[in-house]
Amino acid sequence: MKFTKLMTSVAVAAGLFAGPVAADDMRIALVVKALGIGFFEAAAEGAEEAAKEIGGVEIIYTGPTDTTAEGQIEVINSLIAQKVDAIAVSANDTDALVPTLKKAMQRGITVVSWDSGVAEDGRQAHLNPSSNALIGNMIIKLAADHLPDGGEVAVLSATTTSTNQNIWIDEMNKVMGNYGGIEVVSTVYGDDLADKSYREATGLMQSHPELDAIIAPTSVGIVAAAQAVADAGKIGQVNVTGLGLPSEMAGAIESGASKSFAIWNPIDLGYSATMLAHQLATEAATASPGAEISIGRMGTITLDDTNAAAMADPFVYDSSNIDDFKEIF
Amino acid sequence: MSLTDNAPRHIPDRLRSPLQDKLVSWESLLLAVAIAIFIVNSLASPYFLNAWNLSDATFNFTEKAMIAFAMALLIISGEIDLSVAAIIALASTAMGVAMEMGAGTPMLVLVGLTTGVLCGAFNGALVTKLGLPSIVVTIGTMSLFRGISYIILGDGAFRGYPSSFSWFGQGYVFWVISVEFVIFALLAVIFGVVLHKTNFGRMVYATGNNATGALFSGVRVDRVKMTLFLLTGLMSGLAAICLTSRLGSTRPSIASGMELEVVTMVVLGGVNILGGSGSIPGVVIAAFVMGLVTFGLGLLNVPGIVMSIFIGLLLIGVIALPRLWTMWRKKVG
């Protein structure tokens, strides 16, 4: 039958394409929430960089089509079947991946999570892009760097109950003593809505004419505040900073409404996750509370009580590097 | 086709097509595809022919196939249920609530199945009592059922199911034969017998071929349809038990998008989406085809989007083939 012939030739062709699997290579799988997301493509770039630096490491960059736990489980099952040496995963679900990842560990595969973590018993270590203390310090430092003589700053947050933002602002207040002459005159809430954030930012500039900077530790707020500053004709007078996405902030950097802002660097994150997975898989380091693990050019991380660690300060984006990152995420 | 072909005494299992007459049956064509995929996979990856790996691969389709069996009957009868994935979410959430209240494993199973049946009853009542089209009703209940899960859970999760509960989704009956695979195999036999060997099965075909004709022949069409909605709900509840047990936790986003994969499996299995024809062996082979394709491509680390494209082409291909054949025959003849 013609059909059978066709399938046989397809089979032979597929067999030829597959090629031999290099046995001496260590294979580290970078599993992401879903393929086709700029942030994760950039992380894969970082992973390749780490692989090149280590040598003899093959990176398998993979993930489901949609951000579902079920899709990730199918991907992880196929990685277990391939007997990869390590899996570094950014999880779609803290809990649902645990049974599958436990199975991976039982079969001798090193498992670490990064970015979005897995519950403690489903991984050996977790790498956070940063820590609350580092973020809290960074957002005030970004404002202070451009105010050598001190000045008035205001905070535009998300909602009054946003856990992350509240912790970061608390952490910021703890280190205010290190930045002499900087005074936080007001904290307002834009509820992570573009229009409300815009109105609150405009209100800040009206009630504090001497305002020098607006700190928005939220990606919605920072864009709205930059727009408000531009519309009020106060570019150069009020600097908008905080946490934002390069793709959304490129315009504000270009216009000067924002001199700099911060967010994690996905390339560094992919690089560090790969380094961490490699260190654990080669048993150059063991995952236990208090362990200090070297992650190449990113320095050393220290695991806490839950075997989690913070990679570094949030990465600062300004006019010198925004063009490289605005296409990525 | 003349009207006399559809006389009540003679209702074919499958509508006759020139392709079938001249060539092979749908099932043998699918089987050839499945075997070809198996061979390609074995050649392409050194990891494919491994009992444990193949066992792991069955989890890619067992839960979906459980629902697909009931869905096949429902589609043959001329209806459809797009809310099955949402029923899983609601049943899983109900089990989570029961677990929080201290229910043991038998109680959790009961809650899961009951929730499924109740959801099926709701769909069935709207379709048969109010006479609404099932595609509209179940698109509505798809949002409704999952919406209730979101209201109960928000961005939280239920975790901490009893360890005996993990038997369904993580247990093995014998060596590499998983509990889920045994359930899948048993259901395949049961549904095969019900559809192809019982009066009820004949009524399902009759309803799908010509509901009015069936009604005048003494088939209680609404009762058949109601039963099938209940059955689909029950199977969704069962799939919810297996999936929840396998994941060990419940989130409202559980099983999102699964309804389309179930319908794909049914249609790939040769069931006419307009009702009236189809077979359970076809659906069983389609389940294996889909499972083997996704697992095989996964072993080669083919990105998921390419897998979706492949499944999509496979589906369009198998649907278009008989039609193209007919057109070609007409042209030549």
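Refer to the preceding data block for the structure.
Caption draft 1: Just the overall build of chain B, in detail. The number of helices and strands found in chain B is 15 helices and 4 strands. In terms of overall dimensions, chain B is globule-like: its C-alpha atoms have a radius of gyration of 20 Å, near the 20 Å expected for 333 residues. C-alpha atoms of chain B, sized along the principal axes, occupy 65 × 55 × 35 Å. Classification of the 333 residues of chain B by burial places 50% in the buried group. Here the analysis covers contacts within chain B between residues at least 6 apart in sequence; of these, 79% occur between residues at least 24 apart.

Caption draft 2: Seen up close, unusual backbone geometry. Unlike most non-glycine residues, Asn307 of chain A shows phi in positive territory, near 65 degrees. Relative to the elements of secondary structure, Asn307 of chain A occurs in the loop between strand S12 (300–302) and strand S13 (308–310). Positive phi values are uncommon outside glycine, yet Trp175 of chain B reaches one of about 50 degrees. As for its placement among the helices and strands, Trp175 of chain B is situated in the loop between strand S2 (172–174) and strand S3 (177–178).

Caption draft 3: Expanded view of the sheet that holds strand S6 (residues 151–157) of chain A. All names here are of chain A. If you walk across this open sheet you meet the 4 strands as S7-S6-S8-S9, and the pairing is parallel. With partners counted over all chains shown, the strands left at the sheet margins are strand S7 (182–189) and strand S9 (239–242), one partner each. Each strand axis lies, on average, 25 degrees off the axis of its neighbour in the sheet, ignoring direction. Of the strand pairs in this sheet, S6 and strand S8 (residues 211–216) are connected by 4 bridges, and their pairing is parallel.

Caption draft 4: View of the interface of chain B and chain A. Each side of the interface is counted separately: chain B has 35 residues, and chain A has 33 residues. Mapped by element, the contributors of at least two residues to the side of chain B that touches chain A are helix H2 (26–44), helix H3 (51–58), helix H12 (221–247), helix H14 (280–299) and helix H15 (304–332) of chain B. Here the element with the most residues in the side of chain B that touches chain A is H2 of chain B; it accounts for 6 residues. Residue composition of the side of chain B that touches chain A, grouped by class: 16 nonpolar, 15 polar and 4 charged.

Rules of the game
Residues numbered from 1 in each chain as written. Chains lettered and ligands numbered in written order. Predicted model: local features only at pLDDT ≥ 70, side-chain atom pairs only at ≥ 80, totals over all residues. Helix = DSSP H or I, 4+ residues; strand = E, 2+ residues; numbered from the N terminus. Rg over C-alpha atoms; globule rule 2.2 N^0.38 Å. Buried ≥ 20, exposed ≤ 12 C-beta atoms within 10 Å, placed from the backbone. Contact = placed C-beta atoms within 7 Å. Pairing = 2+ DSSP bridges. Axes fitted to C-alpha atoms, helices over the stretch in contact; angles between N-to-C directions. Nonpolar A, V, L, I, M, F, W, Y, C, P; charged D, E, K, R; others polar.

Without other data, these values stay purely geometric and don't point to any function.
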